[in-house]
Amino acid sequence: MPAPRRSAAELVSEHGNTTIADVVVAKIVALATREVDGVYAMGGGTARMMGAVRQRVPGVAASSTQGVAVEVGARQAAADIDLVVEYGVSIPDLANAVRNNVISQVESICGLEVTEVNVGIDDIHLPGEQDSDTSPRVQ
């Protein structure tokens, strides 16, 4: 049973205001995006390369919001997402599925109205292809 949809009006009440940090919305967007089949990775080539470098540094974790940019207002949110898709997946269908899942999750979890979700496809992952950004150059 889906959770009841919350209204942005619930963020402002007679007893006080609720503010949601951009990073909270960005994490929800990233998780909702990764839930969609056909999404191979998130972020453009440079962002993925920097994430791979960060993962190799002891004690430093990769960014959970890689490939996601959000704008959060008092009652609304917008998101830009950069993706790498699996070969053979219909890009329009994938973008629509990502958009629908992001809107559903952000609106139900945060109570914010999502005004737009822009999806950018930066690359396509071919079967058997190694991710060149994460393999070491020397052994």
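The residue numbers shown here count from 1 along each chain, following its written sequence. Per-residue local features of the predicted model are confined to residues with pLDDT of at least 70, and side-chain atom pairs are confined, for both listing and counting, to 80 or more; whole-chain, interface and lining totals are unaffected and use all residues. Note that water and hydrogens are dropped before the side-chain values are worked out from all heavy atoms of the structure.

Undergrad: For this particular structure, what's the right way to read the overall build of the protein?
TA: Comment: elements are numbered from the N terminus, with helices defined as DSSP H or I runs of at least four residues and strands as E runs of at least two. Secondary structure assignment for the protein yields three helices and six strands. In sequence order, the secondary structure elements of the protein are arranged as β-β-α-β-α-β-β-α-β. Burial status follows relative accessibility: with a 1.4 Å probe on protein chains alone, a residue under 20% of its type maximum counts as buried, one over 50% as exposed, and anything between as partly exposed. Residue burial in the protein is summarised as follows: out of 139 residues, 33% are buried. Only heavy atoms matter for contacts: two residues are in contact if any of them lie within 4.5 Å across the pair. Contacts spanning at least 24 positions in sequence make up 76% of the contacts within the protein whose residues lie at least 6 apart.

Undergrad: How should a negative patch on the surface be read in this particular structure?
TA: Residues forming no salt bridge and having over 30% relative accessible area are the ones grouped into patches, like charges within 9 Å of each other and nonpolar side chains (Val, Leu, Ile, Met, Phe, Trp, Tyr) within 5 Å. To measure how exposed things are, a 1.4 Å probe is used in the Shrake-Rupley method; for residues, cover is taken only from the protein chains shown. Between Lys or Arg on one side and Asp or Glu on the other, a salt bridge is scored when a side-chain nitrogen of the former is within 4 Å of a carboxyl oxygen of the latter. Only four residue types enter the charge count: Lys and Arg as positive, Asp and Glu as negative, with His and the chain ends excluded. Where a charge lies is defined by one atom per residue type: Lys uses NZ, Arg uses CZ, Asp uses CG and Glu uses CD. A surface patch of like charges, here negative, comprises Asp22, Glu71, Asp80, Asp82, Glu116 and Asp122. Among the elements of the structure, strand S5 (76–86) and strand S6 (113–125) are those that each provide at least two residues to the negative patch. Within the secondary structure layout, Glu71 lies in strand S4 (residues 68–72). Owing to a relative accessible area of 61%, Glu71 belongs among the exposed residues under this scheme.

Undergrad: Looking at this model, I keep getting lost on the nonpolar core. Mind explaining?
TA: Across soluble globular proteins, nonpolar side chains have a tendency to be buried as a group. Membership of the largest hydrophobic core comes to 27 residues, with the highest contact counts inside it found for Val25, Val29, Ile81, Leu83, Val98, Val102 and Val106. Secondary-structure elements contributing two or more residues to this core are helix H1 (22–34), strand S3 (39–42), S4, S5, helix H3 (91–110) and S6. Those residues within four positions of Val25 in sequence are excluded, and the remaining contacts are Ile20, Val70, Val72, Ala77, Val106, Cys110 and Leu112. The set of buried Ala, Val, Leu, Ile, Met, Phe, Trp, Tyr and Cys residues whose side-chain atoms join them within 4.5 Å is what this entry labels a nonpolar core.

Undergrad: What exactly am I supposed to notice about the confidence of the model for the protein here?
TA: Predicted coordinates in regions of low pLDDT should not be interpreted in detail. When the pLDDT values of the protein are averaged, the result is 83; 73% of them are 70 or greater. Predictor confidence is given residue by residue as pLDDT, running from a minimum of 0 to a maximum of 100. Least confident of the elements in the protein is helix H2 (residues 45–56), whose mean pLDDT is 50; most confident is H3, at 97.

Undergrad: Where do I start with the environment of Asp22 in this structure?
TA: The residue Asp22 is located in helix H1 in this model. The class of Asp22 is partly exposed, set by a relative accessible area of 39%. Spatially, the C-alpha atoms of Asp22 and Ala77 are 8.9 Å apart, while their sequence positions differ by 55 residues. Among all residues touching Asp22, those that are not within four sequence positions of it are Val70 and Val72.

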